[in-house]
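One-letter residues, chain by chain:
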Amino acid sequence: MAAPLYLYTGPEFGEREDAIIEIKKSLKKKYGSVDEHLFYLVETPFNQVMTILQSGTLFSDAICIVCKNAELLKKKDDLQMISDWLESAEETAVLILVSDEISVDAKLTKLVPTSNKKQFWEMFEDKKLPWIYNFIKKNGYEIEQDAAECILQMIENNTLALKQECSRFFMCFAKGHRIKIEDVESVLSHNREENAFTLFNHMADSTQAQQKRLENSLNILQSIRLSKDSSSVKIIAGLSSCFRKLATWISINDDGFVDEQILRQNGFSSKLQQKQYRSAAKLWTIGQTTAILAILAATDMEIRSNGSLMEDVLLQKMIYEIVIKKGATISSAEY
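Presented here is an overview of the structure given in this document.

Right, let's talk about the environment of S115 for a bit. Relative to the helices and strands, S115 is located in the loop between α4 (106-111) and β5 (117-119). Accessibility expressed as a relative area gives 62% for S115, which makes it exposed. C-alpha separation for the pair S115 and Y6, spaced 109 residues apart in sequence, amounts to 8.6 Å. At 3.3 Å, the side chain of S115 forms a polar contact with the side chain of N116.

Moving on to unusual backbone geometry. Although it is not a glycine, N69 adopts a positive phi angle of roughly 70°. Within the secondary structure layout, N69 lies in the loop between β3 (62-68) and α3 (76-88). The buried category is assigned to N69, whose relative accessible area is 16%. A positive phi angle is found at K326, which is not glycine, with a value near 55°. Positionally, K326 belongs in the segment after α15 (311-323). Of the residues examined, K326 reaches a relative accessible area of 28% and is grouped as partly exposed.

The next point concerns the side chain of K245. On the secondary structure map, K245 appears in helix α11 (residues 232-252). K245 gets classed as buried once you look at its relative accessible area, which sits at 13%. Excluding its chain neighbours within four sequence positions, the residues that come into contact with K245 are E125, G267, F268, Q273 and Y277.

Moving on to the sheet that holds strand β2 (residues 34-40). Ordered by their spatial adjacency, five strands build an open sheet running β2-β3-β4-β1-β5, and the pairing between neighbours is parallel. In this open sheet, the two strands that pair with only one neighbour each are β2 and β5. Adjacent strand axes in the sheet meet at a mean angle of 15°, parallel and antiparallel pairs treated alike. Sheet analysis places β3 next to strand β4 (residues 93-99), joined by six bridges and oriented parallel. The residue bridging I65 from the neighbouring strand is L95, located in β4.

So, on to the packing of helix α1 (residues 13-31) against helix α7 (residues 159-172). Relative to each other, α1 and α7 sit at 90°, their axes nearing to 5 Å. As far as their axial angle goes, α7 and α1 are roughly perpendicular. Note on element contacts: α7 touches α1 through T159, L160 and K163, opposite F13, G14, E15 and D18. Residue classes in the contact of α1 with α7 are distributed as two nonpolar, two polar and three charged.

For the coordinates displayed, the defined rule picks out 15 salt bridges. When the shortest N-O distance is used, the salt bridge between R304 and E101 registers 1.9 Å. Here the residue R304 occupies a position in helix α14 (residues 286-306), and E101 occupies one in the loop between β4 and α4, the gap between them amounting to 203 residues. E101 sits in the buried class, given a relative accessible area of 16%. Note that R225 is salt-bridged to E311, the shortest N-O span being 3.5 Å. With R225 in helix α10 (residues 210-226) and E311 in helix α15, this pair connects stretches of sequence that are 86 residues apart. You can call E311 buried: its relative accessible area is 11%. Connected through shared salt-bridge partners, K24, K28 and E36 make up one network.

Attention now goes to the nonpolar core. Formed by 36 residues in total, the largest nonpolar core has its most connected members in F200, L239, W284, M318 and I319. At the level of elements, α9 (196-203), α10, α11, α13 (271-281), α14 and α15 are the ones that each hand at least two residues to this core. With nine residues, α11 is the largest single contributor of residues to this core. If we skip the residues at most four places from it in the chain, L239 touches A196, L199, F200, M203, L296, M318 and I319. Of all hydrophobic cores here, the second largest spans 24 residues; its members include L129, W131, C150 and A161.

Scoring rules and cut-offs
Residues numbered from 1 in each chain as written. Predicted model: local features only at pLDDT ≥ 70, side-chain atom pairs only at ≥ 80, totals over all residues. Heavy atoms only, no water. Helix = DSSP H or I, 4+ residues; strand = E, 2+ residues; numbered from the N terminus. Buried < 20%, exposed > 50% of the residue type's maximum accessible area, 1.4 Å probe, protein only. Polar contact = N/O pair within 3.5 Å; in protein donor to acceptor, adjacent residues only side chain to side chain. Contact = heavy atoms within 4.5 Å. Pairing = 2+ DSSP bridges. Axes fitted to C-alpha atoms, helices over the stretch in contact; angles between N-to-C directions. Parallel < 35°, antiparallel > 145°, perpendicular 65-115°, else oblique. Nonpolar A, V, L, I, M, F, W, Y, C, P; charged D, E, K, R; others polar. Salt bridge = Lys/Arg side-chain N within 4 Å of Asp/Glu carboxyl O. Core = buried A, V, L, I, M, F, W, Y, C linked by side-chain atoms within 4.5 Å.

Written out as structure tokens, the structure is:
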């Protein structure tokens, strides 16, 4: 029988959350009451997590701990604690390790039974619109294609964010309502939080002067960093996704003309999205886009190596290098 240790990684938060819920449901069905805990390793030392897990609970029949930021579990002592616990772990104590990243330390991965490990990838482009149509229909509503495409431009590429935002319509309209693009703009545009994708929109707005784009981008970055979801990992991952799409856009538009079918096949089905990347392509060449992707990767590595002390400065420097320097790096003295 597999040990009660799970490892869930990757950026598809909706499916990942559903898998965690299923584990908890199974525990409740088997044992009755379950004591549930959620910890973030950026805030809580891992030894405290293990103390609670091993102590159990006096008031419930089982305990389930979800521990996020599992990519931080690299220290020998932390891994040894997990190994020692597994030697006598009981089914009534479950530890679910979670990371937004695709992979974690190899030694940690080896401790987890193969059947209890899963990577949750983002949806493919051709799956996103059908997902929205099905979710809306399942809840008793209809949606027009332009409205569904508009939602995809506003929401992060994971089913958890899509569920949360699409559920707003169910509180605003009676069942049977057909959601139009005007509804999307009125319900979502005025209520959404800033994220990496809205940040890219401001960075890629070719109608704005360069200095104004920098100012707007830094303001959006600050808003994200002050929000509940301020992870630099997610900011950089989101921007990397946008610039990879920009590279695709530039490559398929190389001769100045491309038909609608090719655009759709490459994930540019929305008119809003086409407008956004057409604007971005006026600002960055394919060479500059490649250099920007390298800057994003280097910033991510530097933040992981140096911790949170210089995190905001490094993110601001990254934005400056993208907007002002167009992919060229700057020295600390110049910045």
